[in-house]
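Below are the chains, spelled out letter by letter.
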Amino acid sequence: MACRKQWTTLLSTATRLRANVRPRSLICPSEHTAPSLPHRVANRTILPVFSVSQQRFYAAKKKGNDGGGKGKKGKKAVQEEDENEQEEDPFEFDVSELDKRMNRPIEGLKKELGSFRIGRATPALLDPVQVTHQGSRVSLQSVAQVNVKDAQTLLVIINDEELTGDIENAIRNSDLGLNPSKQDSNVIKVPIPRASKERKEALVKSVKASAEKTRTHIRGLRGDARADLKKAPKSVSADTIRSCEKEIQTVTDKRIAEIDALVNAKTKEIESS
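Is there a simple way to think about the packing of helix α4 (residues 95-114) against helix α7 (residues 238-271) in this case?
Helix-helix packing is characterised by the crossing angle of the two axes and by the distance between the axes. Contact geometry for α4 and α7: axes closest at 10 Å, N-to-C directions at 10 degrees. As the angle between them shows, α4 and α7 are arranged roughly parallel. For the pair α4 and α7, the contacting residues are Val-95, Leu-98, Asp-99, Met-102, Asn-103, Ile-106, Leu-109, Lys-110, Leu-113 and Gly-114 in the first and Glu-247, Ile-248, Val-251, Thr-252, Lys-254, Arg-255, Glu-258, Ile-259, Leu-262 and Lys-266 in the second.

Below, the structure written as structure tokens:
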């Protein structure tokens, strides 16, 4: 009887203790513990509380050039395409423009040679003469007409009679060594003396010096053209560069030959005067 009573007491005590105990998940819901089994207390089933936390999962980075490598490669490919487009621009070398630039000094040489006094009357002899008109210096051709009377005489026909004296003095005071005389109210006669042997030799020397100066100018323009040719894009083929160099030299040779022809013609004119 005593044992049975003791057993009943132990059973009731265990029941009370069981009723007062909660699952661990209720006491510390933030702890990550394994879920406990349901408990039955006082005819009720108590379910354990599970702790749930949010987590974000990221895709693992791939090694090699599959990812960012492709992007870099794509950018590099675009840059190469842009460079290729730039290199594919057609290279143009205008040799006719070079020819025009070379023609300017030759025209200047023609004008200079025409002004040389060689003992023969030509209107170009009076090109250097400047006249004061209305407070400014103007060329003789702008206020008068120069005609050839014969091989040794020039006639200057003046548009305004009031300028006759000024024009006569301008011709006399020039460095041409001429002695003009008034023939009419608006006409001036300009005798052209024959050149001496010494004068002819000096004229030939001056002609050759002027021609050499013009040749130097032409060669300088050739050098500038070659320098521009060296700046051509790398995409231009070597054959194209050589072809352009030949064109430059062809134009230069043509202009040098033109200078030589002018010098020879003027030298013969001087010696035969």
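What is the right way to read the nonpolar core from this model?
General note: in soluble globular proteins, nonpolar side chains tend to be found buried as a group. Core analysis: the largest hydrophobic core is formed by 25 residues, its most contacted members being Leu-98, Met-102, Phe-116, Val-207, Ile-218, Ile-259 and Ile-270. Setting aside residues up to four positions removed in sequence, Ile-270 forms contacts with Ile-118, Lys-200, Leu-203, Val-204 and Val-207. By size, the runner-up hydrophobic cluster in this structure holds 21 residues, among which are Leu-154, Ile-167, Val-190 and Ile-192.

Just checking my understanding: could you explain the pairing of strand β4 (residues 136-139) for this structure?
On any regular strand, side chains alternate: one points to one face of the sheet, the next to the other face. With four bridges joining them, strand β3 (residues 130-133) and β4 adopt antiparallel strand pairing. For Val-131, the partnering residue across the bridge sits in β4 and is Val-138. Linkage of β3 to β4, two consecutive antiparallel strands, is achieved through a turn of two residues, within which Gln-134 is found at a positive phi near 55 degrees.

Teacher, can you tell me more about the environment of Leu-109 here?
Assignment of secondary structure puts Leu-109 in helix α4. Judged by relative accessible area, Leu-109 falls into the buried class, the value being 1%. Placed 105 residues apart in sequence, Leu-109 and Thr-214 show a C-alpha to C-alpha distance of 7.0 Å. Residues within four places of Leu-109 in sequence aside, it is in contact with Ser-210, Ala-211, Thr-214, Ile-259 and Leu-262.

Sorry, what's going on with the sheet that holds strand β7 (residues 181-184) here?
Think of a sheet as strands paired side by side through backbone hydrogen bonds, with each pair either parallel or antiparallel. If you walk across this open sheet you meet the four strands as β5-β6-β8-β7, and the pairing is antiparallel. Each edge of the open sheet is held by one strand with a lone partner, namely β5 (144-150) and β7. With strand direction ignored, the average angle separating the axes of adjacent strands in the sheet is 30 degrees.

For this particular structure, what's the right way to read the layout of surface pockets?
A water-sized probe rolled over the atoms picks out the places where empty space is left. Considered as a void within the structure, the largest pocket measures approximately 160 Å³ in volume. In this structure, the largest pocket is lined by Pro-128, Val-129, Gln-130, Val-131, Thr-132, Arg-137, Asp-166, Ala-170, Ser-174, Asp-175 and Leu-176. Elements supplying a minimum of two residues to the lining of the largest pocket: β3 and α5 (164-173). At three residues, β3 tops the list of elements feeding residues into the lining of the largest pocket.

Cut-offs applied
- Residues numbered from 1 in each chain as written.
- Predicted model: local features only at pLDDT ≥ 70, side-chain atom pairs only at ≥ 80, totals over all residues.
- Heavy atoms only, no water.
- Axes fitted to C-alpha atoms, helices over the stretch in contact; angles between N-to-C directions.
- Helix = DSSP H or I, 4+ residues; strand = E, 2+ residues; numbered from the N terminus.
- Parallel < 35°, antiparallel > 145°, perpendicular 65-115°, else oblique.
- Contact = heavy atoms within 4.5 Å.
- Core = buried A, V, L, I, M, F, W, Y, C linked by side-chain atoms within 4.5 Å.
- Buried < 20%, exposed > 50% of the residue type's maximum accessible area, 1.4 Å probe, protein only.
- Pairing = 2+ DSSP bridges.
- 1 Å grid on protein atoms, 1.4 Å probe; cavity = no way out; pocket = protein on both sides within 12 Å on 5 of 7 lines; lining within 4 Å.
- Points joined across faces, edges and corners; volume = space filled by probe spheres on them.

Take it as geometry only, folks, not as evidence of what the structure does.
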